[in-house]
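Spelled out, the chains give:
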Amino acid sequence: MLSRQCIETPVQDDPEMVEIVHEVTKYVPISDAIKQDIMTETEKDIGLKAVKNYYNQGWPNSRETALPEARPYWQLRNDLFVENGMVILEDRIVIPPSLRSKVLNKLHTAHLGIDKTKARARQAVYWPGLSNDIVTLLETCRICERHGSKNFKEPLIPHEVPELRFQKVSADILDIGGNNYLAVEDNLSKWLEIKKLSSKTSGAVIGALKSIFYTHGIPEIIYGDNNPLDSFACNEFAKNIGSKIVTSSPEYPRSNGLAEKGVNIAKKLLIKSKESGTNYLDALREYNNTPLSGMDVSPAQILMSRMCRTLVPVLKEKLKPKVVNVKPVLERIQERVKIQHDRHARRRPVYFNPGDNVVVRRGKIWQKGVVERKHGAARSYYVKPLHGRTIRRNTFDLKKSKTKADNLDKGFIEPYEIDGYLVSSDTQVNIVPNVVPNNVPNVPTVPKLREPVVVLERLSLKRTGDQILNTQSKHGRIVKPNPKYCNPNMITY
Ligand SMILES: [Zn+2]
């Protein structure tokens, strides 16, 4: 509607157009001071000054003959007009270069995501390269990065289905109702063993592993996620019996694929037995003799080639041995799982080099760190966080980082907790479990404030990446402001 055919007739000679233009700019919600700023800086800028001249006197016939500084506006020339000394693109103010970073910061007041910030910008302002500038700003904003969303999943790398029974097993330590258990699942037959541990020490775990291997033989590989399976003693034990412990990255049990399921089954079995007051070993015997989902054979039938006699009555004929070959079936199931998983795995595989700046997910926040080296397991890296010991993480919990550490990262702001989130006492946002440094000398501590107005960040609306600004009442309660009075996107100085 506002586009004008270029060149011949300057717009001020067209009373109808003048009226339309006034309709547009009349309601631009900016103060006179800002308008003055924009007018002054527009006049100072060679490109926009040229645009104004072209608007009044007509654009040149080709892009090449336009002033180089005005060429970025060439494509838009039919939609640009001048009003009150400002260049307007349709209904957006064209911001001169000297004011762009200031406006960008205003656009980012609420630390919203890229799409929302771009959408907000599209409602109000324009300059060539605005979208890229928004992307760069957000990529370098430590606050947004700290509270960034989780990575998308990467395509699944399934474990190879083993040829033999008890060739590869997955082991896990469970803590149920204050008792520790070792759960071991055979990756081919899904036979599950659960051993109660006297303690969560390497010695206790080794003892339990031994008793399982006395019965079933020694596996070639033991997949194990957690402590103390990854301890030196357990690794030595495995080596001495001709086996190997392979750990997937801590906090990413999914990379162990098959292990997760057996562990969950063991957990539920233990909890339900506890609640029903029955012996978990009775339940375990029934589980091992129950057909697996998607198959009509039980772990016992696969592992021992026979049904075991249990408390459930069964014809004697059924207890006679029969070898079952499940490898092809398992491979088909695994393929199906991979296809299903990969449909939602939108993240391309990422790779890191030693020395790369990264952020590592710890609890609900992304902490700054540096990649030390690659770990032998797929998608696994050793990372040195800004504070604390080197940790091992899967790429799911790592992102490349372009930000600089802020005062919170450096420990110059002492965080305190509200609703499970750590919050700083200034206006920054802080959710930093386990990172309060103890190696920074003379850290100035900020006392816990009793009556501050603290700006908190997102405590809800996780899915959309939206944020709401909350305040803390003088009694420490979190208060969400009325959205009617809260427009964090307003472009005002
Ligand atoms: Zn931000």
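Reading the values: the criteria
Residues numbered from 1 in each chain as written. Predicted model: local features only at pLDDT ≥ 70, side-chain atom pairs only at ≥ 80, totals over all residues. Helix = DSSP H or I, 4+ residues; strand = E, 2+ residues; numbered from the N terminus. Buried ≥ 20, exposed ≤ 12 C-beta atoms within 10 Å, placed from the backbone. Contact = placed C-beta atoms within 7 Å. Axes fitted to C-alpha atoms, helices over the stretch in contact; angles between N-to-C directions. Parallel < 35°, antiparallel > 145°, perpendicular 65-115°, else oblique. Left-handed = near helix turned anticlockwise from the far one by under 90°. Nonpolar A, V, L, I, M, F, W, Y, C, P; charged D, E, K, R; others polar. Pairing = 2+ DSSP bridges.

By the naming in an unreviewed UniProt entry, the protein goes by RNA-directed DNA polymerase and is assigned to Frankliniella occidentalis.

## Regarding the overall build of the protein
Along the protein, the regular secondary structure elements total 14 helices and 18 strands. Within the protein, the fraction of its 493 residues that count as buried is 29%. Pairs at least 24 apart in sequence give 54% of the contacts found in the protein among residues at least 6 apart.

## Points about the packing of helix α5 (residues 114–124) against helix α6 (residues 130–139)
Their axes nearest at 10 Å, the elements α5 and α6 cross at an angle of 140°. One finds that α5 runs oblique with respect to α6. Remark: the crossing between α5 and α6 carries right-handed chirality. In this structure, α5 contributes I114, T117, K118 and A121 to the contact, and α6 contributes L130, S131, I134, V135 and L138. Of the residues in the contact of α5 with α6, the class split is six nonpolar, two polar and one charged.

## So, unusual backbone geometry
For N84, which is not glycine, the phi dihedral falls at a positive 55°. Notably, S305 is not glycine yet its phi reads approximately 60°, a positive angle. Relative to the assigned elements, S305 resides in the loop between α12 (299–304) and α13 (327–343). Among the residues examined, S305 registers 14 C-beta atoms within 10 Å and is labelled partly exposed.

## Focus: the pairing of strand β6 (residues 179–186)
The buried fraction of β6 is high, at six of eight residues. Of the strand pairs in this sheet, strand β5 (residues 168–176) and β6 are connected by eight bridges, and their pairing is antiparallel. Note that in β6 the partner of D175 across the bridge is N180. Joining the antiparallel neighbours β5 and β6 is a turn of two residues, in which G177 adopts a positive phi near 55°. Where β6 lies against strand β7 (residues 192–197), six bridges are found, and the strand directions are antiparallel. Bridge pairing in β7 links V184 to E193. If you look at the hairpin formed by β6 and β7, you'll find five residues sitting between the two strands, and K190 has a positive phi there, around 65°.

## Some remarks on the environment of K168
Note that K168 resides in strand β5. In sequence terms K168 and Y223 are 55 residues apart; their C-alpha atoms lie 7.5 Å from each other. For K168, the contacting residues outside a window of four places in its chain are P162, N187, P219, E220, I221 and Y223.

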